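Coordinates in review
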Amino acid sequence: MKKYLTNFISKGQTPQNQPMPGTNQVMNSAGGYTWHVDQWDRLHRFLILGSENGSYYAIQHQLTVENAKNVLACIEADGQKTVEMIVAISTEGRAPKNDPAIFALALASSVGNDATRALALTMMPQVCRTATHLFTFAETIKGMRGWGRGLRRAVGAWYTGREARNLAYQVVKYRQRGGWCHADVLRLAHPTPPDEETDALFKWITHREEATWATEISSPDSEAQTFIWAFEQAQRAENAQTIVRLIAEYDLPREAIPTQFLKEAPVWEALLHKMPMTAMIRNLGNMSKCGLVKGNNDAVKTIVKRLTDANRLRKARVHPLAVLSALRVYRLGYGLRGQLNRYGYMQVQSQ
């Protein structure tokens, strides 16, 4: 009897390199056996976890190919369900990064049937909420399909569907990413501006040198144009006092500030007043480096208050893993990509 038991091991004694008897377990990337995950569960995991860094047992390329094939299988099985899942996970802030959702949406808008492609393109502005997302979508889709009428219409709607002041903020804050800029996208989509304000913004984006109103001495009457004017003034500023005033009066974001002024504590103090949550978390090291964040001063109290505000974090779609990652990097004392630590000194990495 012992020999029989040895050859047919009970569930409580089954080693990881063998499947449990009487189950549908499958081999995983580590060579062990685990429970089977259907294509929808796998899509759900990919949209949240992605595959850009691989895993302990599977390299990035392998995981990306496998997940891409699974996304294609889901699109073929039920394109509408796939798109709805992509939009839900992206808009609810359930993923640390939005890139997997953008990648999956680009696939759906390229290889799905007519209804799936139309739905994916209609939902694109909900997933691509910032210009960085839009540039990522454009780069992802570049090798999948041409710029047909449907794609041009969807990308054009990203611009024309925004209130002019919001659009001005997007084109200033996210001027270029991944080899794309707004002029590139507009020339491919060539949307029709819905009003004079948007038309003026389009002309500034594509023919900046001809938009003389943006550099005139007095600011324009339009709120959107005034924001662009303030950005142009910041690019020509000669001292930090001018930058602080422009930030306070026109709510300029950090990306609108010339690099030489981002070493000044008063500039960061002005930015902090209305700085978005994600930007604040990412720039904790910079604010410490310039001397703004130290001890228990007002800046520290403001940051702590925001970081402990659950509603603010939820509205900003700040993922818990993003907070954990920022905490680990801040404790480390230097960014994983930069060369300076939070005290302003060149970091020395051990070999």
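Residues numbered from 1 in each chain as written. Predicted model: local features only at pLDDT ≥ 70, side-chain atom pairs only at ≥ 80, totals over all residues. Heavy atoms only, no water.

A few words now on the pattern of salt bridges. With the rule as written, the count across this model stands at eleven salt bridges. Among the salt bridges present, the one from D114 reaches R117, with a minimum N-O distance of 2.4 Å. Placement of both D114 and R117 in helix α6 (residues 114-127) is noted, with a separation of three residues, approximately one turn of the helix. For R117, a relative accessible area of 26% corresponds to the partly exposed category. Several salt bridges share partner residues, and in doing so they unite K173, R254 and E255 into one network. (Salt bridge = Lys/Arg side-chain N within 4 Å of Asp/Glu carboxyl O. Helix = DSSP H or I, 4+ residues; strand = E, 2+ residues; numbered from the N terminus. Buried < 20%, exposed > 50% of the residue type's maximum accessible area, 1.4 Å probe, protein only.)

Moving on to the side chain of S222. Looking at the secondary structure, you find S222 in the loop between α11 (196-206) and α12 (223-235). Reaching out from S222, the side chain makes a polar contact with the side chain of E197 at a distance of 2.3 Å. (Polar contact = N/O pair within 3.5 Å; in protein donor to acceptor, adjacent residues only side chain to side chain.)

Counting residues in each nonpolar core, the largest one holds 97 residues, and the members touching the most others are F137, Y159, L252 and M287. Not counting residues within four places of it along the chain, the set of residues in contact with L252 comprises F227, A230, F231, A234, L246, I247, I257 and L271. (Core = buried A, V, L, I, M, F, W, Y, C linked by side-chain atoms within 4.5 Å. Contact = heavy atoms within 4.5 Å.)

Once that is clear, we can look at the confidence of the model for the protein. Across the protein, the average pLDDT comes to 85, with 81% of residues at 70 or higher. Mean pLDDT across the elements of the protein ranges from a minimum in helix α1 (residues 2-7), with 52, to a maximum in helix α4 (residues 79-91), with 97. Per-residue pLDDT stays below 50 along residues 54-60; that stretch engages in eleven contacts with residues further than four places along the chain or on separate chains. Overall, residues 342-351 carries pLDDT values under 50, and its contacts beyond four positions in sequence, including any with other chains, amount to 18 contacts. (pLDDT = per-residue confidence, 0-100.)

Below, the discussion takes up the packing of aromatic side chains. Between two aromatic rings, the relevant description is the distance of the centres plus the angle of the planes. By the definition in use, this model includes six aromatic pairs. Where W204 meets F231, the ring centres are 6.0 Å apart and the plane angle is 90°; that geometry is what we call edge-to-face. Taken together, the residues span a long stretch of sequence, with W204 in helix α11 and F231 in helix α12 at a distance of 27 residues. Among the residues examined, F231 registers a relative accessible area of 1% and is labelled buried. Here the aromatic rings of W229 and Y250 are separated by 5.8 Å at their centres, their planes lie at 70°, and the arrangement is edge-to-face. Residue W229 is located in helix α12, and its partner Y250 is located in helix α13 (residues 240-250); the two are separated by 21 residues in the primary sequence. There is no split in this pair, since W229 and Y250 are both buried. A network of ring pairs unites the aromatic residues W158, Y159 and F202 as a single cluster. Between the NZ or CZ atom of K81 and the centre of the ring of W40, over which it lies, the distance is 4.2 Å. For the cation-ring pair, R162 lies above W158, with the distance from its terminal atom to the ring centre recorded as 4.0 Å. (Phe/Tyr/Trp six-rings, centres within 6.5 Å; stacked < 30°, edge-to-face > 60°. Lys NZ or Arg CZ within 6 Å of the ring centre and 35° of its normal.)

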